[in-house]
Amino acid sequence: MPRAGLTVDRIVSAAAELADEAGFPNVTLSALARRFGVKDASLYSHVRNLNDLRTRLALHAGGELIDRIADAVAGRAGRDALAAFAGAYRAYALEHPGRYAATQIRVDQRLVADSPALRRTAEITYGMLRAYGLAEPDLTDAVRLLRSTFHGYCALESTGGFGSPRDVQASWDKAVEALHIALTHWPREAGPGH
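In this report, we go over the structure that sits alongside the text.

What counts, and at which threshold
- Residues numbered from 1 in each chain as written.
- Predicted model: local features only at pLDDT ≥ 70, side-chain atom pairs only at ≥ 80, totals over all residues.
- Heavy atoms only, no water.
- Helix = DSSP H or I, 4+ residues; strand = E, 2+ residues; numbered from the N terminus.
- Expected span 1.5 Å × (residues − 1).
- Buried < 20%, exposed > 50% of the residue type's maximum accessible area, 1.4 Å probe, protein only.
- Contact = heavy atoms within 4.5 Å.
- Phe/Tyr/Trp six-rings, centres within 6.5 Å; stacked < 30°, edge-to-face > 60°.
- Lys NZ or Arg CZ within 6 Å of the ring centre and 35° of its normal.
- Axes fitted to C-alpha atoms, helices over the stretch in contact; angles between N-to-C directions.
- Left-handed = near helix turned anticlockwise from the far one by under 90°.
- Nonpolar A, V, L, I, M, F, W, Y, C, P; charged D, E, K, R; others polar.
- Salt bridge = Lys/Arg side-chain N within 4 Å of Asp/Glu carboxyl O.
- Parallel < 35°, antiparallel > 145°, perpendicular 65-115°, else oblique.

## Overview of helix H8 (residues 116-130)
And step 1. An ideal rise of 1.5 Å per residue puts 21 Å on 15 residues; H8 measures up with 21 Å between its terminal C-alpha atoms.
And step 2. Here H8 has its buried residues at Ala117, Ile124, Thr125, Tyr126, Met128 and Leu129.
And step 3. Considering only its buried residues, H8 is in contact with helix H4 (50-73), helix H5 (78-95), helix H9 (138-158) and helix H10 (168-184).

## Notes on the environment of valine 47
And step 1. Topologically, valine 47 is positioned in the loop between helix H3 (40-43) and H4.
And step 2. The exposure class of valine 47 is buried, given its relative accessible area of 2%.
And step 3. Once the C-alpha coordinates of valine 47 and leucine 29 are considered, the two residues, 18 residues apart in sequence, prove to be 9.3 Å apart.

## Brief notes about the packing of aromatic side chains
And step 1. Applying the stated rule across the entire model yields 6 aromatic pairs.
And step 2. Summarising the aromatic geometry, the rings of tyrosine 89 and tyrosine 100 are spaced 5.5 Å apart at their centres and angled 75° between planes, so their arrangement reads as edge-to-face. Here the residue tyrosine 89 occupies a position in helix H5, and tyrosine 100 occupies one in helix H6 (residues 97-103), the gap between them amounting to 11 residues.
And step 3. The exposure class of tyrosine 89 is buried, given its relative accessible area of 7%.
And step 4. Using a relative accessible area of 6% as the deciding quantity, one classes tyrosine 100 as buried.
And step 5. Considering the side-chain rings of tyrosine 153 and phenylalanine 162, the 4.7 Å spacing of their centres and the 45° angle between planes classify their relative orientation as tilted.
And step 6. Residue classification places phenylalanine 162 among the partly exposed residues on the basis of a relative accessible area of 32%.
And step 7. Put simply, the rings of Phe85, Tyr89, Tyr100, Phe150, Tyr153, Phe162 and Trp172 pair up and form one aromatic cluster.
And step 8. In this structure, arginine 54 packs its charged tip against the face of phenylalanine 24, placed 5.2 Å from the ring centre.

## A look at the packing of H4 against H8
And step 1. Running from N to C, H4 and H8 point in directions that differ by 35°, and their axes come no closer than 9 Å. As H4 runs across H8, the sense of the crossing is left-handed. Facing H4, whose interface residues are Leu59, Gly62, Gly63, Ile66, Asp67, Ile69, Ala70 and Val73, H8 presents Ala117, Leu118, Arg120, Thr121 and Ile124.
And step 2. Of the residues belonging to the contact of H4 with H8, the class tally is 8 nonpolar, 3 polar and 2 charged.

## Digging into the pattern of salt bridges
And step 1. All told, the structure shown has 10 salt bridges when counted by the stated rule.
And step 2. Across the salt bridge formed by aspartate 67 and arginine 120, the nearest N and O atoms sit 2.4 Å from each other. Placement of aspartate 67 in helix H4 and of arginine 120 in helix H8 is noted, with a sequence separation of 53 residues between them.
And step 3. Salt bridges here are not isolated pairs; linked through shared partners, they connect Glu17, Glu21 and Arg35.

## Describing the side chain of threonine 125
And step 1. When you line up the elements, threonine 125 lands in helix H8.
And step 2. For threonine 125, the contacting residues outside a window of four places in its chain are Phe85 and Val143.

## Concerning H10
Residue pairs spaced three or four apart in an α-helix point in one direction, given the helix's 3.6 residues per turn.
And step 1. Its 17 residues give H10 an end-to-end C-alpha distance of 24 Å, which sits within 8% of 24 Å, the value for a rise of 1.5 Å per residue.
And step 2. All buried positions along H10 are accounted for by Ala170, Trp172, Val176, Leu179, His180 and Leu183.
And step 3. Among the structural elements, H5, H8 and H9 are those in contact with the buried residues of H10.

## Things to note about unusual backbone geometry
And step 1. In the segment running from glutamate 136 into proline 137, the intervening peptide bond is cis, with an omega of 0°.
And step 2. Topologically, proline 137 is positioned in the loop between H8 and H9.

## Examining the packing of H9 against H10
And step 1. At a closest axis distance of 11 Å, the pairing of H9 and H10 adopts a crossing angle of 175°. Taken together, the axes of H9 and H10 are roughly antiparallel relative to one another. Contact residues: H9 offers Ala142, Leu145, Leu146, Thr149, Phe150, Tyr153 and Glu157, while H10 offers Val168, Ser171, Trp172, Leu179 and Leu183.
And step 2. Residue composition of the contact of H9 with H10, grouped by class: 9 nonpolar, 2 polar and 1 charged.

Rendered as C-alpha cells:
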C-alpha cells in the first residue's frame, strides 16, 4: 500500500532537489527515503527501481529546460533565437547542475516517443534551425553541433575549467556568434546525383 503523502511527482521533485544539492550520481532511493523519513521499500510503490527514478528525473528536468528555452526564444528567429536558446540552456545548466546532469543520460527511445517534453524539445530546436534553411540530414548534424558545444562549454564552466583571465561571458558570446555563422553557411549535404 502506498504511503500517504508520497506520490511520483513528490518523489521526482525531491530527487531534483537532491540532484542539485548533492549531485546527480548521489540520487539514490535510500537518500530519498531518508528525506521522506520512510524505508526504501515505501518508494517502490511509486517507482520501479533507481533507473526508473533517474529516467523520470531526466524527463522532469528536460521539461523544465525546454520550458525555459521556449520562453526565451518565443517571437525570435535567426541569431536572436539562437542567442536566446543558448543563454537559457546555459543558465539552466549552471543554476541546476544536478538536474542538468540528469538531462544528459540516455533515455529509452520508447519513453522518448511518449514524452511531451522531449517531443517539444525536438520541435523547438528543429524549428529554430529550420529558420537557417536546414533540412535533414543537416538538421540532425546541426543539433549535434549545438548540443555538444553547449554541453561542453557548460561542463567546463561549471568545474572551473576555463583558467584564462578572459571573461567567460565574452567567450560564450563569441561561441554563439561562431555557431550563428556556421549555421548561416552550413555545408549542405549533396543530394543524390551530385
